[in-house]
Amino acid sequence: MTETATEEKLTFQAEVSRLLDIVAHSLYSEKEIFLRELISNAADACDRLRYEAQTRPELATSDQPFKITLTIDKPNRQLTASDNGIGMSRDELVKNLGTIARSGTSAFLKGLTGDSKKDLNLIGQFGVGFYSAFMVADRVDVTSRRAGEEHAHRWSSDGKGEFSVALAERDAAGTDVTLHLKAEEDEFLSDYRIKEVVRRYSDHVPVPIELRIGSDKTSLNDGSALWQKPKSEITETQYKEFYRHVAHAMDEPWLTIHHRAEGTIEYTALLYVPTSRPLDLFNPDRRHRVKLYLKRVFITDDAKDLLPAWMRFLQGVVDTPDLPLNVSRELLQKNPLLSKIRSGLTRKVLSELARKAKDDPEVYIAFWESFGACLKEGLYEDKGEYRADILKLSRFHSTASDKPVTLDEYIQRMKEGQDAIYTISGDDLQALRASPQLEGFAAKGVEVLLLTDAVDEFWMPAVGTYEGKAFKSATRGALDLDKIKGEEKGTPKAEDAPAELGALIALFKLALGDEVKDVRASARLTDSAVCLVAGEGDLDMRLERLLRQHKQLDKAMKRVLELNPTHPLVKRLAEMTGKEGASAVLEEAAHLLLDQARLLEGEPVADPRAFAKRLGAMMERGLAV
Ligand code: ADP
Ligand code: MG
């Protein structure tokens, strides 16, 4: 024997201790969910062994068929969940039950506030899996033997910072999770209670579950696959609990799609859209979480081509009889059958979303807020095949409404003479609503869409137009708002501009030199004195900022400084142009106004020291009581 027979003590990863602490102190009102978590893990372990045994048949020698056994030991106050699945090696026990591997999880745990109410709410959406056993047990033993290995190991812990691992005995591959129940948790020694809990949460699990007390054995579920049953035989609770099982989730499914395709290709899909956005939705490694089955036998949860990446919020299963039985991962890639299933499912999901958007627009907004940014990637992926559907499903914040609007609503509200869909991009909705560049639009009553997702900068150039109307940035290029017949609430008029405006602009250009691309009179401004815009044909300012953040661009591009010709300050400066000795003051003013425009844009001033000095000097000259 190469391994030490003696027990080894190890400490939990800090995040696990944190989680266990919360598990011990706050907790769900329904403690019974621990059983669902253990059964779910046992069923996963069976799926994994079934899958590995396809390529390593020697692994499948244990006592098949797959089975989950719950054993009640009243005298010793123990409840054990056993399976004959894949099992865990010593290292796997340490890693899987001592650290948190799920992506996004440790970032999430670091983000916990310490305010137990808020934290509980977060955890409620997220689930604690195996660790939920410590809600009802003051010690948990896990005896496990990995398929293909000779030795078993026992992991043991009271959930207080440490656990131990030691060599152990087990006849065959699989895992026993034994809970030493807390004094007040007697109810889980009652067969009646266990039956009830299994029926409530785990009836759909596609592995048979058996209850044992002494020599008594009772079968607790039928072990058949829920997705193969007719819809009429499935209750809403069963759908919901199956979602929680496959998705490892704690929230409610926002949408359930149970769909059977018959004809040239056959498949059954049970797909779910979650209510809350998963923590890792925008992690570059994130894929959809839909499992692929072949006639109820689990194949893989890694069939990349089964659904588009922009539907990676979906959870659930797809079962098809049409794949060869020992299909390899390589074969699964670019498999023509899978691409047919993929387009069938994509269309189905889009049409279900459209139906929901129509039938229940308020509820649809909640989906859009969670997953819209993801769905919009589909506007430029898949060669634009789903573009038309996704544009109809898209919702936008807008200057015309507190509620997100559709593109069709925007088009309906367009003013006479308006030929573009105006947009403005930024990270913060409140800041966008207050943008100086929107003043001219507001004065004319022209609606502008407020775009806050980074992905907006990528789909808009790809899509270009909607119903023949071009998307046009409100912060780029010269604006010709004059030709739009709007409401005319104080829009600047050329004749109100001071006579010396041209001279002022020339002077500003000279003073600012290379710092700006151009200086010109603005048609956008009514209240503010200045703003920055991108030159026609240049990158929009938001996109440029994004590219710089991602190091795709190293230098800031030059911007156009626009002056409001009817603003009192601009008028005053214009009047000064011809005056003796004014040029030094005007030069300072040019720099100050440029920095002011940068600040309004949420960008830093170029040279804070110079800015402070100029501002100080200007105040000194101007302050009086
Ligand atoms: P999750 O199931 O979401 O991954 P859990 O906390 O429930 O998270 O389980 C953590 C990990 O421990 C699982 O991913 C799995 O690798 C391992 N595990 C738990 N129970 C078993 C089991 N009965 N058999 C094999 N592995 C298991
Ligand atoms: Mg689990």
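Given the structure is predicted, the values throughout are model-derived calculations rather than measurements.

Some remarks on the overall build of the protein
Turning to step 1, where the next piece is worked out: A count of helical and extended segments in the protein gives 20 helices and 23 strands.
Turning to step 2, where the next piece is worked out: Projected onto the principal axes, the alpha-carbon positions of the protein cover approximately 105 × 60 × 40 Å.
Turning to step 3, where the next piece is worked out: Each of the 625 residues in the protein was classed as buried or not, and the buried ones make up 52%.
Turning to step 4, where the next piece is worked out: In the protein, 73% of the contacts between residues at least 6 apart in sequence involve partners at least 24 apart.
Turning to step 5, where the next piece is worked out: For the protein, the computed accessible surface area is about 29600 Å², with 49% contributed by carbon and sulfur atoms.
Turning to step 6, where the next piece is worked out: If you average the places of the 88 positive and of the 102 negative side-chain charges in the protein, the two averages end up 2 Å apart.

Here's the deal with the sheet that holds strand 12 (residues 289–294)
Turning to step 1, where the next piece is worked out: Strand order in this open sheet of five strands is 10-11-14-12-13, and the pairing throughout is mixed. A single partner strand is all that each edge strand has here, and the edge strands are strand 10 (253–261) and strand 13 (297–300). Strand-to-strand twist of the sheet, defined as the mean angle between neighbouring strand axes without regard to direction, takes the value 20 degrees.
Turning to step 2, where the next piece is worked out: In the sheet, strand 11 (residues 267–274) pairs with strand 14 (residues 315–319) via five bridges, with the strands oriented antiparallel. By the bridge assignment, A269 is partnered in strand 14 with V318.
Turning to step 3, where the next piece is worked out: Lying on the sheet, helix 2 (residues 33–55) is in contact with strand 12 and strand 13; it crosses strand 13 at an angle near 70 degrees.

Observations regarding the site of ligand 1
Turning to step 1, where the next piece is worked out: Around ligand 1 there are twelve residues in total, and N41, D83, N96, F130 and H248 lie nearest to it.
Turning to step 2, where the next piece is worked out: F130 places a polar main-chain atom, nitrogen or oxygen, 2.9 Å from an oxygen atom of ligand 1.
Turning to step 3, where the next piece is worked out: A distance of 3.4 Å is found between a nitrogen atom of ligand 1 and a side-chain nitrogen or oxygen belonging to T175.
Turning to step 4, where the next piece is worked out: In the complex, the protein chains occlude 85% of the 530 Å² of accessible area that ligand 1 would expose alone.
Turning to step 5, where the next piece is worked out: Elements with a contribution of two residues or more to the shell around ligand 1: helix 2 and helix 3 (90–98).
Turning to step 6, where the next piece is worked out: Here the shell around ligand 1 takes three residues from helix 2, the largest share from any one element.
Turning to step 7, where the next piece is worked out: Here the residues of the shell around ligand 1 are counted per class, giving four nonpolar, five polar and three charged.

A short note on the domain arrangement of the protein
Turning to step 1, where the next piece is worked out: Domain annotation of the protein identifies domain 1 (8–222), domain 2 (228–372) and domain 3 (395–624).
Turning to step 2, where the next piece is worked out: The C-alpha centroid of domain 3 is placed 59 Å from the C-alpha centroid of domain 1.

Notes on the nonpolar core
Turning to step 1, where the next piece is worked out: Judged by nonpolar contacts, the single largest core of 86 residues is most densely connected at V318 and F367.
Turning to step 2, where the next piece is worked out: Sorting elements by how many residues they give to this core places helix 9 (residues 336–359) first, with eight residues.
Turning to step 3, where the next piece is worked out: For this core, the two domains that each supply at least three residues are domain 2 (228–372) and domain 3 (395–624).
Turning to step 4, where the next piece is worked out: With residues near it in sequence (within four places) discarded, V318 still touches Y267, T268, A269, L271, V290, K291, L292, Y293, L306, I341 and L345.
Turning to step 5, where the next piece is worked out: Counting 57 residues, the second-largest nonpolar core is a separate cluster that includes F34, A45, F188 and Y201.

Regarding the pattern of salt bridges
Turning to step 1, where the next piece is worked out: According to the stated counting rule, one finds 49 salt bridges in the structure shown.
Turning to step 2, where the next piece is worked out: The partner of D427 in a salt bridge is R542, and the shortest N-O contact between them spans 3.1 Å. With a gap of 115 residues between them, D427 in the loop between strand 17 (420–425) and helix 13 (429–433) and R542 in helix 17 (residues 541–549) connect regions that are remote in the sequence.
Turning to step 3, where the next piece is worked out: Residue classification places R542 among the buried positions, given a relative accessible area of 4%.
Turning to step 4, where the next piece is worked out: What you see here is one network of salt bridges that share partners, running through R36, E37, K240, E241, R244 and E252.

Some words on the pairing of strand 7 (residues 174–181)
Turning to step 1, where the next piece is worked out: Most of strand 7 sits inside the fold, with eight of its eight residues counted as buried.
Turning to step 2, where the next piece is worked out: Where burial is concerned, the two faces of strand 7 agree: the one with G174, D176, T178 and H180 and the one with T175, V177, L179 and L181 are both buried.
Turning to step 3, where the next piece is worked out: Sheet topology places strand 3 (residues 78–83) next to strand 7; six bridges connect them, and they run antiparallel. Along strand 7, the bridge assignment pairs D83 with T175.
Turning to step 4, where the next piece is worked out: Taken together, the eight bridges between strand 4 (residues 137–145) and strand 7 define a ladder with antiparallel strand orientation. The partner of V140 across the bridge, within strand 7, is L179.

Notes on the sheet that holds strand 22 (residues 530–533)
Turning to step 1, where the next piece is worked out: In space, the three strands of this open sheet follow the order 21-23-22, with mixed pairing throughout. Whereas interior strands pair on both sides, the edge strands pair on one side only; in this sheet they are strand 21 (516–521) and strand 22. With direction set aside, neighbouring strand axes in the sheet form an average angle of 25 degrees.
Turning to step 2, where the next piece is worked out: Bridge count for strand 21 against strand 23 (residues 559–563) is five bridges, and the pairing is parallel. By the bridge assignment, V516 is partnered in strand 23 with R559.
Turning to step 3, where the next piece is worked out: The strands touched by helix 19 (residues 583–600) are strand 21, strand 22 and strand 23; relative to strand 22, the strand with the most contacts, the crossing angle is about 65 degrees.

A short note on a nonpolar patch on the surface
Turning to step 1, where the next piece is worked out: Judged by side-chain polarity, L615, M619 and L623 come together as a nonpolar surface patch covering roughly 290 Å² of accessible area.
Turning to step 2, where the next piece is worked out: The partly exposed category is assigned to L615, whose relative accessible area is 35%.

Focus on the environment of K415
Turning to step 1, where the next piece is worked out: Position of K415 among the secondary structure elements: in the loop between helix 12 (407–413) and strand 17.
Turning to step 2, where the next piece is worked out: Overall, the relative accessible area of 22% leaves K415 in the partly exposed class.
Turning to step 3, where the next piece is worked out: In this structure the C-alpha to C-alpha distance between K415 and A45, which are 370 residues apart in sequence, comes to 61 Å.
Turning to step 4, where the next piece is worked out: Leave out the neighbours within four places in its chain, and K415 touches K444, G445, V446, I484, K485, G486 and E487.

Quick word on the packing of helix 2 against helix 6 (residues 191–202)
The packing of two helices is summarised by the inter-axis angle and the distance between the axes.
Turning to step 1, where the next piece is worked out: Interaxial distance between helix 2 and helix 6 falls to 9 Å at its minimum, and their mutual angle equals 65 degrees. Note on packing geometry: the crossing formed by helix 2 with helix 6 is right-handed. Contacts between helix 2 and helix 6 involve I33, L35, R36 and I39 on the former and, on the latter, I194, V197, V198, Y201 and S202.

Focus on the pairing of strand 23
Turning to step 1, where the next piece is worked out: In terms of burial, strand 23 is a largely internal element, five of the five residues being buried.
Turning to step 2, where the next piece is worked out: Residues R559, L561 and L563 of strand 23 are buried on one face, and the alternating residues V560 and E562, pointing to the opposite face, are buried as well.
Turning to step 3, where the next piece is worked out: Note that strand 22 and strand 23 share four bridges and pair antiparallel. Bridge pairing links V533 to V560 in strand 23.

Let's talk about the side chain of N84
Turning to step 1, where the next piece is worked out: Its location among the elements puts N84 in the loop between strand 3 and helix 3.
Turning to step 2, where the next piece is worked out: At 2.9 Å, the side chain of N84 and the backbone nitrogen of K67 are in polar contact.

What counts and what doesn't
Residues numbered from 1 in each chain as written. Chains lettered and ligands numbered in written order. Predicted model: local features only at pLDDT ≥ 70, side-chain atom pairs only at ≥ 80, totals over all residues. Heavy atoms only, no water. Helix = DSSP H or I, 4+ residues; strand = E, 2+ residues; numbered from the N terminus. Buried < 20%, exposed > 50% of the residue type's maximum accessible area, 1.4 Å probe, protein only. Contact = heavy atoms within 4.5 Å. Areas by Shrake-Rupley, 256 points an atom, 1.4 Å probe, with all protein chains shown as cover. Lys, Arg positive; Asp, Glu negative; His and termini not counted. Charge placed at Lys NZ, Arg CZ, Asp CG, Glu CD. Pairing = 2+ DSSP bridges. Axes fitted to C-alpha atoms, helices over the stretch in contact; angles between N-to-C directions. Near = heavy atom within 4 Å. Polar contact = N/O pair within 3.5 Å; in protein donor to acceptor, adjacent residues only side chain to side chain. Nonpolar A, V, L, I, M, F, W, Y, C, P; charged D, E, K, R; others polar. Domains from an automatic or database assignment. Core = buried A, V, L, I, M, F, W, Y, C linked by side-chain atoms within 4.5 Å. Salt bridge = Lys/Arg side-chain N within 4 Å of Asp/Glu carboxyl O. Patch = residues over 30% accessible without salt bridge, like charges linked within 9 Å, V, L, I, M, F, W, Y side chains within 5 Å. Left-handed = near helix turned anticlockwise from the far one by under 90°.

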